[in-house]
Amino acid sequence: MSANDDIAARLEEFADLLEAQDVDYKPRAYRRAAENVRAHPGDVARLAHGGEDALDEIEGVGDAIASKIVEYVETGEIAELEDLREELPVEMGELTRVEGVGPKTVGTLYEALGITTLEELEAAAAAGEIQEVSGFGAKTEQNILENVEFAREATERELLGEARPRGEGVVDYLAGRPEVERIDLAGSLRRWKETIGDVDVLVATEEGEAVVDAFTDWPGADAVIEAGDQKASVRSGEVRVDLRVVDPSEFGSALQYFTGSKDHNVKIRNVAIDRDLKMNEYGVFDVSDVEDPDADQRAGERIAGETEEGMYEALDMPWMPPELRENWGEIEAARDGDLPDLIDEGDVRGDLHVHTNWSDGDYTVAEMVEGAASFGHDYLAITDHATGPGMVGGVGVPDDELREQIEEVRAVAEEADIPVFTGVEANISTDGEISVDDDVLTELDVVVASPHAGLDGDGTDRLVAAVEHPEVDIIGHPTGRYINQRSGLDVDVERLAEAAADNDTALEINANPARLDLGGGAVKTAVEAGATIAINTDAHQPASYDLVRYGVHTARRGWAEETDVLNTRDVEGLREFLE
DNA sequence: GCCGTTTTCGGCCCGACTGTTTTCAGTCG
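Residues numbered from 1 in each chain as written. Chains lettered and ligands numbered in written order. Predicted model: local features only at pLDDT ≥ 70, side-chain atom pairs only at ≥ 80, totals over all residues. Heavy atoms only, no water.

## Some details on the overall build of chain A
Thinking step 1. Scanning chain A from terminus to terminus reveals 24 helices and 19 strands.
Thinking step 2. Computed over the C-alpha atoms, the radius of gyration of chain A is 27 Å, within 12% of the 25 Å expected from 2.2 N^0.38 for a compact globule of 579 residues.
Thinking step 3. Going through the 579 residues of chain A one by one, you find that 52% of them count as buried.
Thinking step 4. Taking contacts inside chain A between residues at least 6 apart in sequence as the whole, the part at least 24 apart equals 67%.
Thinking step 5. Counting only carbon and sulfur atoms, one obtains 41% of the accessible surface of chain A, whose full area is about 25500 Å².
Thinking step 6. Of note, chain A has its 48 positive side-chain charges centred 5 Å away from the centre of its 134 negative side-chain charges. (Helix = DSSP H or I, 4+ residues; strand = E, 2+ residues; numbered from the N terminus. Rg over C-alpha atoms; globule rule 2.2 N^0.38 Å. Buried < 20%, exposed > 50% of the residue type's maximum accessible area, 1.4 Å probe, protein only. Contact = heavy atoms within 4.5 Å. Areas by Shrake-Rupley, 256 points an atom, 1.4 Å probe, with all protein chains shown as cover. Lys, Arg positive; Asp, Glu negative; His and termini not counted. Charge placed at Lys NZ, Arg CZ, Asp CG, Glu CD.)

Right, here's the structure in full:
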């Protein structure tokens, strides 16, 4: 949790506790402040060290909240929040995670039954005590009982690699229905963000009810959360899947709106306002002759909304791929005609980081090669783990065995349908040493060097040392992070990328959905610094070759073009780089 | 509690859905 998230969480708890006590308006003020603290590009804690006045620049933070932020940063506590917690000693965060339970419900149930924790909530529901409380009934009690377990489990955002197949499953299931005129994923899933809060599906149809009925019958749905005629939600595994139904004439505007990101939409809405236009989920409206544009969501003359392309065109901008919509400069670039020509899924021609049963893979060299050929790759590099820091239990291949493997790979290559490169995934020690002897490295075609141990603290010096090693071609999963599990090394990506560009060493996007390392933001920095990117799957079995798409879309989130990526080159181009 | 101003008070986003209510409150996105 970053420091900003930490401060925002206190403010949100403040809001919840006030709301539970039926306080009006203040909760909204605290929520708004929390949201803006969370979204603030700089370190709010550092800002707070400059005193309350320095916090002025954050929207929604006035004198009262500013002094609380300063108090929190300086003492680690907010006295008033401690008081509120004493008055209402509940586990607000975990209780409100239960679907359908908000701050007011928490407050009421504490007053009536003294419920403070998830366990107590579950016990009270099971004992039938909740339906006795005024305002509650048997149905509510049942819902709470069903949702407690889910609240306990679903504490993390789902990995893209799990959410994406789930979302595509819903879309495939609904797309064939005659009532569905258009359908698409929206939200962070459409932007291919590395983790997903929920799955958003948007459908254009004249017959909402029929679509909702079909949706709630989707075999992937474990439970129906709600179902109306314009929207419905189901629970699928650990995530919530939201369906929205709109009139076909509003599909483009709704898709633009629900794809986000929020920051992108705020920015683009302001572009609209500057042009006397109004932009929302219903379209783009010319409000130059309208007295009060805010009076009606559909006020003014509608000039776009049926297609997403039309929405952007109405603002004199080209349509832009969802991966770019993070307010990382794409709106300025679109206005200047400088949008990147992003790499596409079909552009990657080979995999330069895969494992076999020589190390921790499950398949032989021949099987991995055959798999790559039938996947459609033009070439493949075999890069098993070397011994060294991080390789325990005999996983790594010692230098003398690597020499033997070179012979086997060459033998397989003679029979193979595609060129096969010899290689290794060597380890980068904490002081930047490469764990394989130089004599062996020079014999290999492709040397991937990756950090596997000591994955905390600043890793920039260590990685730069590896980049400068003359035999290293690619830095594998540079930070070593595992999403939702460990954050990996802190890396000054700009400095790393500049070194990589100077030394003709590529930086990997490891396409494994648990890694996506480098991530989108880092890729953007690396590309801007002129570094070459390699998109590899780190496959341990042929079935993993198709994970490459997660790498490609991560590259797109980092504004990478085909020419920025090493393994979009043909074999000759690749050989040139390796030499 | 914040903000903007018709500038020190008065208003604060909103629509869909559910459940418990008999006209609405709470939750969610």
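## Concerning the protein's contact with DNA strand B
Thinking step 1. Among the 38 residues in the neighbourhood of DNA strand B, the closest are listed as Arg28, Gly102, Thr105, Gly137 and Ala227.
Thinking step 2. Within the backbone of Gly100, an N or O atom sits 2.9 Å from a phosphate oxygen of DNA strand B.
Thinking step 3. Secondary-structure elements contributing two or more residues to the surface near DNA strand B are α2 (26-39), α4 (63-75), α7 (103-113), α9 (138-153), β5 (223-227) and β7 (239-246).
Thinking step 4. Ranked by the residues each element gives to the surface near DNA strand B, the list is headed by α2, at 5 residues.
Thinking step 5. By residue class, the composition of the surface near DNA strand B is 12 nonpolar, 12 polar and 14 charged. (Near = heavy atom within 4 Å. Polar contact = N/O pair within 3.5 Å; in protein donor to acceptor, adjacent residues only side chain to side chain. Nonpolar A, V, L, I, M, F, W, Y, C, P; charged D, E, K, R; others polar.)

## A few points about the packing of helix α17 (residues 365-375) against helix α18 (residues 399-415)
Thinking step 1. The N-to-C vectors of α17 and α18 enclose an angle of 40 degrees; their axes lie 10 Å apart at closest approach. Here α17 is positioned oblique relative to α18, judged by the angle of their axes. Judged by the sense of rotation from one axis to the other, the crossing of α17 with α18 is right-handed. The residues of α18 that touch α17, namely those facing Val365, Ala366 and Val369, are Gln405, Glu408, Val409 and Val412.
Thinking step 2. Here the contact of α17 with α18 is composed, by residue class, of 5 nonpolar, 1 polar and 1 charged. (Axes fitted to C-alpha atoms, helices over the stretch in contact; angles between N-to-C directions. Parallel < 35°, antiparallel > 145°, perpendicular 65-115°, else oblique. Left-handed = near helix turned anticlockwise from the far one by under 90°.)

## A word on the pattern of salt bridges
Thinking step 1. This model, assessed by the stated rule, comprises 35 salt bridges.
Thinking step 2. Notably, a salt bridge pairs Glu149 with Arg152, separated by 3.0 Å at the nearest N-O pair. Pair noted here: Glu149 and Arg152 are both in helix α9, with a separation of 3 residues, about one helical turn.
Thinking step 3. Arg549 is the salt-bridge partner of Glu168, the closest N and O atoms lying 3.0 Å from each other. Remark: Arg549 occurs in helix α23 (residues 548-557) and Glu168 occurs in helix α10 (residues 160-175); sequence separation between them is 381 residues.
Thinking step 4. Judged by its relative accessible area of 24%, Glu168 falls in the partly exposed class. (Salt bridge = Lys/Arg side-chain N within 4 Å of Asp/Glu carboxyl O.)

## Examining the environment of Leu95
Thinking step 1. Relative to the elements of secondary structure, Leu95 occurs in helix α6 (residues 92-96).
Thinking step 2. As a C-alpha pair, Leu95 and Val148 span 53 residues in sequence and 8.6 Å in three-dimensional space.
Thinking step 3. Dropping the residues within four chain positions of it, Leu95 is found in contact with Val90, Val101, Val106, Thr116, Thr117, Leu118 and Leu121.

## Describing the UniProt feature "domain: Helix-hairpin-helix DNA-binding motif class" (unreviewed entry) in chain A
Thinking step 1. Per the UniProt record, the feature "domain: Helix-hairpin-helix DNA-binding motif class" (unreviewed entry) sits at residues 53-72, 93-112 and 128-147.
Thinking step 2. Across residues 53-72, the secondary structure splits into 50% helix and 0% strand, with the terminal C-alpha atoms separated by 15 Å.
Thinking step 3. The span residues 93-112 is 70% helical and 0% strand by assignment, and the distance between its end C-alpha atoms comes to 19 Å. (UniProt positions renumbered as here; feature names shortened; annotations may be inferred.)

## What about a negative patch on the surface?
Thinking step 1. The grouping of Asp456, Asp458, Glu468, Asp490, Asp492, Glu494, Glu498, Asp502 and Asp504 at the surface amounts to a negative patch.
Thinking step 2. The biggest single contributor to the negative patch is helix α21 (residues 493-503), with 3 residues.
Thinking step 3. Residue position: Asp504 is located in the loop between α21 and β18 (506-510). (Patch = residues over 30% accessible without salt bridge, like charges linked within 9 Å, V, L, I, M, F, W, Y side chains within 5 Å.)

## Let's talk about the sheet that holds strand β2 (residues 182-186)
Thinking step 1. Spatially, 5 strands are ordered β2-β4-β7-β6-β5 in an open sheet, and the strand pairing comes out mixed. Each edge of the sheet is formed by a strand with only one pairing partner; in this case those strands are β2 and β5. Strand-to-strand twist of the sheet, defined as the mean angle between neighbouring strand axes without regard to direction, takes the value 20 degrees.
Thinking step 2. The sheet contact formed by strand β6 (residues 231-236) and β7 spans 6 bridges and is antiparallel. Along β7, the bridge assignment pairs Ser236 with Val239.
Thinking step 3. Sheet strands in contact with helix α12 (residues 208-216) are β4 (199-204), β5, β6 and β7, and its direction is about 165 degrees off that of β7. (Pairing = 2+ DSSP bridges.)

## What to know about the pairing of β18
Thinking step 1. With 5 of 5 residues buried, β18 is to be regarded as a mostly interior element.
Thinking step 2. Where β18 meets strand β19 (residues 532-536), 5 bridges bridge the pair, whose relative direction is parallel. Opposite Ala506, over in β19, you have Thr532 as the bridge partner.
Thinking step 3. Following the backbone out of β18, through helix α22 (residues 520-528) and into the adjacent parallel β19, one traces a crossover that is right-handed. (Right-handed = clockwise from strand over helix to strand, strands pointing away.)

## Points about the packing of aromatic side chains
Thinking step 1. The full count for this structure, using the stated rule, is 5 aromatic pairs.
Thinking step 2. Sitting over the face of the ring of Trp192, Arg164 holds its NZ or CZ atom 3.8 Å from the ring centroid. (Phe/Tyr/Trp six-rings, centres within 6.5 Å; stacked < 30°, edge-to-face > 60°. Lys NZ or Arg CZ within 6 Å of the ring centre and 35° of its normal.)

## Looking at the side chain of Arg325
Thinking step 1. Along the chain, Arg325 falls in the loop between α15 (308-313) and α16 (330-335).
Thinking step 2. Taking the relative accessible area as the measure of exposure, Arg325 reaches 0% and is therefore buried.
Thinking step 3. Looking at Arg325, its side chain comes within polar contact range of the side chain of Tyr312, at 3.4 Å.
Thinking step 4. Excluding anything up to four places from it in sequence, Arg325 contacts Arg190, Arg191, Gln256, Thr259, Gly260, Ser261, His264, Glu308, Tyr312, Trp319, Met320 and Glu330.

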